[in-house]
Each structure stands twice: as C-alpha cells, then as structure tokens.
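# Structure at a glance
These are the residues of each chain, in order.
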Amino acid sequence: MKNKPRGPVPSLIGGTNGRPERVPVKNNGYECSRCHAPFVAGQTCVAIPKLGAAYSSAKRICDDCYKHILQKTCEDLEELKAI
Ligand SMILES: [Zn+2]
C-alpha cells in the first residue's frame, strides 16, 4: 500500500526563495533590488523572501522585474516538462 506523502508538494523552482508577496510601499526612498527603479509611497511592489532569513531581508522588486522572473520560471518549467 502506498503511503500518503506528508507536507506540501515541494517545487523544483526557486532555490532558496520563498513565496512572493505583493506588499504596499509605505515610504519613499526604496528602490527595486533588480533594476533600481525608485518606489513611490502608495504604490505596491513584490517582496520575495529568502527562506530561513528574517522577513526584513526580503528582496523588493517592481512589477516589470516580477514579470520577467515569472517568465523565467515558466521557461524553467517547460524545460522540466521535457525530461
Ligand atoms: Zn525592477
């Protein structure tokens, strides 16, 4: 008889990155950690936490960079489908 797997299904993608989250930008003076576009208070950005690190060490990236990361993740998945 097969045992039921425990815990969540692990993803092969993402390495040490946690689940991205959309967060509001509260103050001016921050920038995208990839393209260095300045964030303006009141807009939102995407925070990507590092697993095992403090929440404040999350990388904050702009929507454009997030789109590129999603695109790259999709390409990685396509490669995985082919094996
Ligand atoms: Zn950016």
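Residues numbered from 1 in each chain as written. Predicted model: local features only at pLDDT ≥ 70, side-chain atom pairs only at ≥ 80, totals over all residues.

General note: in soluble globular proteins, nonpolar side chains tend to be found buried as a group. The biggest cluster of nonpolar side chains holds six residues, and these are F39, C45, V46, I61, C62 and C65. Every residue in contact with V46, bar those within four places of it in the chain, is listed here: P20, R22, I61 and Y66. (Core = buried A, V, L, I, M, F, W, Y, C linked by C-beta atoms within 7 Å. Buried ≥ 20, exposed ≤ 12 C-beta atoms within 10 Å, placed from the backbone. Contact = placed C-beta atoms within 7 Å.)

Turning next to the environment of L77. Checked against the element boundaries, L77 lands in helix α1 (residues 63–81). Judged by C-beta crowding, with 13 C-beta atoms within 10 Å, L77 ranks as partly exposed. Placed 64 residues apart in sequence, L77 and I13 show a C-alpha to C-alpha distance of 7.7 Å. (Helix = DSSP H or I, 4+ residues; strand = E, 2+ residues; numbered from the N terminus.)

Turning our eyes to something else, we now look at the sheet that holds strand β3 (residues 59–61). In space, the three strands of this open sheet follow the order β1-β2-β3, with antiparallel pairing throughout. Two strands bound the open sheet, and with one partner strand each, they are β1 (21–24) and β3. Direction aside, the axes of adjacent strands within the sheet are offset by 40 degrees on average. As defined by bridge partners, β1 adjoins strand β2 (residues 44–48) across four bridges and the pair is classed as antiparallel. The residue bridging V23 from the neighbouring strand is C45, located in β2. (Pairing = 2+ DSSP bridges. Axes fitted to C-alpha atoms, helices over the stretch in contact; angles between N-to-C directions.)

Attention shifts here to the confidence of the model for the protein. Across the protein, the average pLDDT comes to 85, with 87% of residues at or above 70. For the protein, per-element mean pLDDT is lowest for α1, which scores 88, and highest for β1, which scores 95. (pLDDT = per-residue confidence, 0-100.)

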